[in-house]
Amino acid sequence: MEVSAPAGDRASVEHALVAALLAADPGEISAVAVYSDLPRPPAVGHGATIDFHDGSRIFLNHVR
């Protein structure tokens, strides 16, 4: 799957990756928290936490 977003625009890349993940989800994702959409983003300002129904969790973030 190809994901594209404007170069240098981390929030767009973040949203594109989450959209691709949600599009491929067979129903196992229970919740997604997109960091740039939070009222007060965490120390890692761009990324997402993806929670699954089985209790597992993925932390997706951008590191240079």
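Report on the accompanying structure. Each chain carries its own residue numbering, running from 1 in the written order of its sequence. Under the rules for a predicted model, residues below a pLDDT of 70 receive no local features and side-chain atom pairs below 80 are neither given nor counted, while totals for whole chains, interfaces and linings still include all residues. With hydrogens and water stripped out, all remaining heavy atoms of the structure feed into the side-chain values.

Now for the overall build of the protein chain. Note on conventions: DSSP H or I runs of at least 4 residues are helices, E runs of at least 2 residues are strands, and numbering of each starts at the N terminus. Counting its regular elements, the protein chain contains one helix and three strands. Its helices and strands taken in sequence order, the protein chain reads α-β-β-β from the N to the C terminus. Any residue under 20% of the maximum accessible area for its type is buried, any over 50% is exposed, and the rest in between are partly exposed; the area is computed with a 1.4 Å probe on protein chains only. Looking at the protein chain as a whole, 20% of its 64 residues qualify as buried. When checking whether two residues touch, look at their non-hydrogen atoms; a contact exists if any pair is within 4.5 Å. Contacts spanning at least 24 positions in sequence make up 20% of the contacts within the protein chain whose residues lie at least 6 apart.

In space, the three strands of this open sheet follow the order 1-2-3, with antiparallel pairing throughout. The open sheet is flanked by strand 1 (29-34) and strand 3 (57-61), the only strands paired with a single partner. Averaged over all pairs of adjacent strands, the angle between strand axes in this sheet comes to 15°, irrespective of strand direction. Two strands pair under a simple rule: DSSP has to find at least two bridges between them. As paired elements, strand 1 and strand 2 (residues 47-52) share five bridges and run antiparallel to each other. Paired with isoleucine 29 across the bridge in strand 2 is phenylalanine 52. Axis angles are defined between N-to-C directions and span 0 to 180 degrees, where every axis is a line fitted to C-alpha atoms and, for a helix, only to the segment in contact.

Time to look at the side chain of glutamate 14. Residue position: glutamate 14 is located in helix 1 (residues 10-24). Only 2.5 Å separates the side chain of glutamate 14 from the backbone nitrogen of glycine 47, close enough to count as a polar contact. Setting aside its immediate chain neighbours within four residues, glutamate 14 contacts Val34, Tyr35, Ser36, Gly45, His46 and Gly47. Under the rule applied, a polar contact is a pair of N or O atoms within 3.5 Å (in protein, one hydrogen donor and one hydrogen acceptor; residues adjacent in sequence only if both atoms are side-chain atoms).

Our focus in this paragraph is helix 1. By this rule, a helix spans an expected 1.5 Å times one less than how many residues it contains. An ideal rise of 1.5 Å per residue puts 21 Å on 15 residues; helix 1 measures up with 21 Å between its terminal C-alpha atoms. The complete set of buried residues in helix 1 reads Glu14, Ala16, Val18 and Ala20. Packing partners of the buried residues in helix 1 comprise strand 1 and strand 2.

Right, let's talk about the pattern of salt bridges for a bit. The term salt bridge refers to a pairing of a side-chain nitrogen on Lys or Arg with a carboxyl oxygen on Asp or Glu at a separation within 4 Å. Taken as a whole and assessed by the stated rule, the structure comprises one salt bridge. Measuring nitrogen to oxygen at the nearest pair gives 2.5 Å for the salt bridge that ties aspartate 51 to arginine 57. For aspartate 51, a relative accessible area of 19% gives the class buried.

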